[in-house]
Amino acid sequence: MLHLITPETVKNQRVFVRADLNVPTKNGAILDDFRLKSLLPTLMILIKANAATILATHWGNPTPESPDPALSTQHLVAWFEQHQIPVTFAATLDQAAQLQAPGHIILLENLRFFAGEKKQDATFAHQLAALADYYVTDAFGVLHRSDTSVSLLPLQFALDHRLIGLLIAREIGQLDKLTSHPTQPFMLVLGGAKLDDKVPLITTFLEKPAAQRITSCMVGGLTALAFIKASGHNTGSVHLEAATVTHAATIMERALHKAVRIDIPSDVMIIEGELGATPTICASDAIPATATVVDIGPATIRQYLYNLTSAKTVFANGTMGIFEYPAYQQGTRAILQAIGAIKGYSVLGGGDTAAAADSCGLAASFGFVSSGGGATLAYLGSSHPFEQLPGLKALIFS
Ligand code: 3PG
């Protein structure tokens, strides 16, 4: 059973909050503060309840041996101040213990700067647990990891002292709408870099009973190239692992068996030479070996938009092209706009996808935007997420 944070439970208590504030930055500036904003409702409860809060997150993938100073969480302090939430930075656990006070939030240094975080280290878990009476997790984006603060630290607390924050409660509630009884037709739109990360998700939704099964899956980005290759065509300069192509072939075969459509681009946009070059249209069965695929083509966009007009439930993850370049955004923009306009329930997962929707001014048009990337895929792709995701398992098992 999950225990949700309430003002009564945490009133005047020492609380350790595990958040996912792994936000993208460029030259020191936060590019997308969605994850920071998503944590605020839980922080407001803690402040009002006069809790002595230690807030902790990972940020990027630094090594504890030579931690990148740009990834120190002290760079997040200014964001909290701009949002009228005073936080005090603590570089060490000792400092955090000294500064801890009722009604205050101490922001601990990047957890991945500590040697024990990535090592499932019982000693580090004990040291963190000594700082608090309650463990609260709102780190939805990292629930699929076995990091110490995610999978071991909760076990140091009694079951009813392991709480979920408002963000995780919302994520689970919204994502479960996709898994329990999606209104049909239910479609997936999957793009982005790697098919491999999405295989469990596609397989899970293919093998479900008919009422919960997807009716179709539209693919774009590098994900689509695996299917193009598995269909016997060239995919240009991109190297695809043989295992990835086999995954695509297996999915196509299972989809055929279950009468689910896998929509593969019939045309793509390609460039020859450097990224940034003006793209041209190319049939997806005639991609030259020297070309780079940068977006889906106009016929594919038309087909996908047509499919989406009848969708009642959509889950989308990943962009259709290399979104960092304005010249290759057309597919993603058109598809996101169509998903946002469906007369039904739409969910967007993945930081890059959410950021793309945001930059197109479309974020508000979706039923739900998940704060997770890999975690959202893992949650939806698990038949038993509370047993399969380390961060969830640690909340309910002793
Ligand atoms: C994410 O951004 O997907 C999460 O914060 C997890 O980060 P990680 O992939 O570095 O563990």
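These lines cover the structure that appears in this document, whether it is placed above or below. (Residues numbered from 1 in each chain as written. Predicted model: local features only at pLDDT ≥ 70, side-chain atom pairs only at ≥ 80, totals over all residues. Heavy atoms only, no water.)

What about the site of the ligand?
In step 1: Around the ligand sit Asp 20, Asn 22, Arg 35, His 58, Asn 61, Arg 112, Gly 141 and Arg 145, and those are all the residues in its vicinity.
In step 2: In this structure, Asn 22 approaches the ligand through a side-chain N or O atom, which is 2.9 Å from an oxygen atom.
In step 3: At 3.3 Å from an oxygen atom of the ligand is found a side-chain nitrogen or oxygen belonging to Asn 61.
In step 4: If the ligand stood free it would expose 310 Å²; the protein chains cover 80% of that surface.
In step 5: Here the shell around the ligand is composed, by residue class, of no nonpolar, four polar and four charged. (Near = heavy atom within 4 Å. Polar contact = N/O pair within 3.5 Å; in protein donor to acceptor, adjacent residues only side chain to side chain. Areas by Shrake-Rupley, 256 points an atom, 1.4 Å probe, with all protein chains shown as cover. Nonpolar A, V, L, I, M, F, W, Y, C, P; charged D, E, K, R; others polar.)

Quick word on the layout of surface pockets
In step 1: In this structure, the second largest pocket encloses a volume near 180 Å³.
In step 2: If you go around the second largest pocket, you meet 13 residues; those closest to its centre are Phe 34, Ser 38, Arg 170, Phe 368 and Val 369.
In step 3: If you tally residues by element for the lining of the second largest pocket, the top one is helix H7 (residues 166-180), at four residues.
In step 4: Partitioned by chemical class, the residues of the lining of the second largest pocket number eight nonpolar, three polar and two charged.
In step 5: Taken together, domain 1 (3-171) and domain 2 (181-380) each give at least three residues to the lining of the second largest pocket, which thus spans both. (1 Å grid on protein atoms, 1.4 Å probe; cavity = no way out; pocket = protein on both sides within 12 Å on 5 of 7 lines; lining within 4 Å. Points joined across faces, edges and corners; volume = space filled by probe spheres on them. Helix = DSSP H or I, 4+ residues; strand = E, 2+ residues; numbered from the N terminus. Domains from an automatic or database assignment.)

Some remarks on the nonpolar core
In step 1: Formed by 82 residues in total, the largest nonpolar core has its most connected members in Leu 108, Leu 188, Val 189, Leu 308 and Phe 315.
In step 2: Each of two domains, domain 1 (3-171) and domain 2 (181-380), supplies a minimum of three residues to this core.
In step 3: Judged by nonpolar contacts, the second largest core, of 30 residues, contains Val 23, Leu 71, Val 87 and Val 136. (Core = buried A, V, L, I, M, F, W, Y, C linked by side-chain atoms within 4.5 Å. Buried < 20%, exposed > 50% of the residue type's maximum accessible area, 1.4 Å probe, protein only.)

Some remarks on the side chain of Asp 33
In step 1: As for its position among the elements, Asp 33 is in the loop between strand E4 (29-30) and helix H2 (34-48).
In step 2: Within polar-contact distance, the side chain of Asp 33 engages the side chain of Trp 79 at 3.0 Å.
In step 3: With residues up to four places along the chain from it excluded, the contact list for Asp 33 reads Trp 79 and His 83. (Contact = heavy atoms within 4.5 Å.)

Concerning unusual backbone geometry
In step 1: Between Gln 184 and the following residue, Pro 185, the backbone shows a cis peptide bond with an omega angle of 0°.
In step 2: Relative to the elements of secondary structure, Pro 185 occurs in the loop between H7 and strand E10 (186-190).
In step 3: You will see that Asn 12, though not glycine, has its phi angle at about 60°, which is positive.
In step 4: Looking at where Asn 12 falls in the secondary structure, it is placed in the loop between helix H1 (7-10) and strand E2 (14-18).
In step 5: Judged by relative accessible area, Asn 12 falls into the exposed class, the value being 51%.
In step 6: Phi at Asn 50 is positive, roughly 60°, even though this residue is not glycine.
In step 7: Tracing the sequence through the fold places Asn 50 in the loop between H2 and strand E5 (52-56).

Re the sheet that holds strand E11 (residues 216-219)
In step 1: Spatially, the six strands line up as an open sheet ordered E12-E11-E10-E16-E17-E18, and their pairing is parallel. Only two strands of the sheet have a single partner each, and these edge strands are strand E12 (261-263) and strand E18 (368-369).
In step 2: As paired elements, strand E16 (residues 313-317) and strand E17 (residues 345-349) share five bridges and run parallel to each other. By the bridge assignment for E17, Thr 313 is matched with Tyr 345. (Pairing = 2+ DSSP bridges.)

Side note on the packing of aromatic side chains
Working definition: an aromatic ring pair is given by the centre-to-centre distance plus the angle between the planes.
In step 1: Following the criterion strictly, the structure yields seven aromatic pairs and no others.
In step 2: A centroid spacing of 6.3 Å and a plane angle of 10° characterise the contact between Phe 16 and Tyr 135, whose relative ring orientation is stacked. Separated by 119 residues along the polypeptide, Phe 16 in strand E2 and Tyr 135 in strand E8 (residues 134-137) bring together distant segments of the chain.
In step 3: Each member of the aromatic cluster is reached from another via a ring pair, and the members are Phe 16, Tyr 135 and Phe 157. (Phe/Tyr/Trp six-rings, centres within 6.5 Å; stacked < 30°, edge-to-face > 60°.)

Some details on the pattern of salt bridges
In step 1: Tallied over the full model, the rule gives ten salt bridges.
In step 2: Among the salt bridges present, the one from Asp 147 reaches Lys 118, with a minimum N-O distance of 2.9 Å. Note that Asp 147 is positioned in the loop between E8 and helix H6 (148-151) and Lys 118 in the loop between strand E7 (105-108) and helix H5 (122-129), a separation of 29 residues in sequence.
In step 3: Counted as one network, the salt bridges with shared partners bring together Arg 112, Lys 118 and Asp 147. (Salt bridge = Lys/Arg side-chain N within 4 Å of Asp/Glu carboxyl O.)

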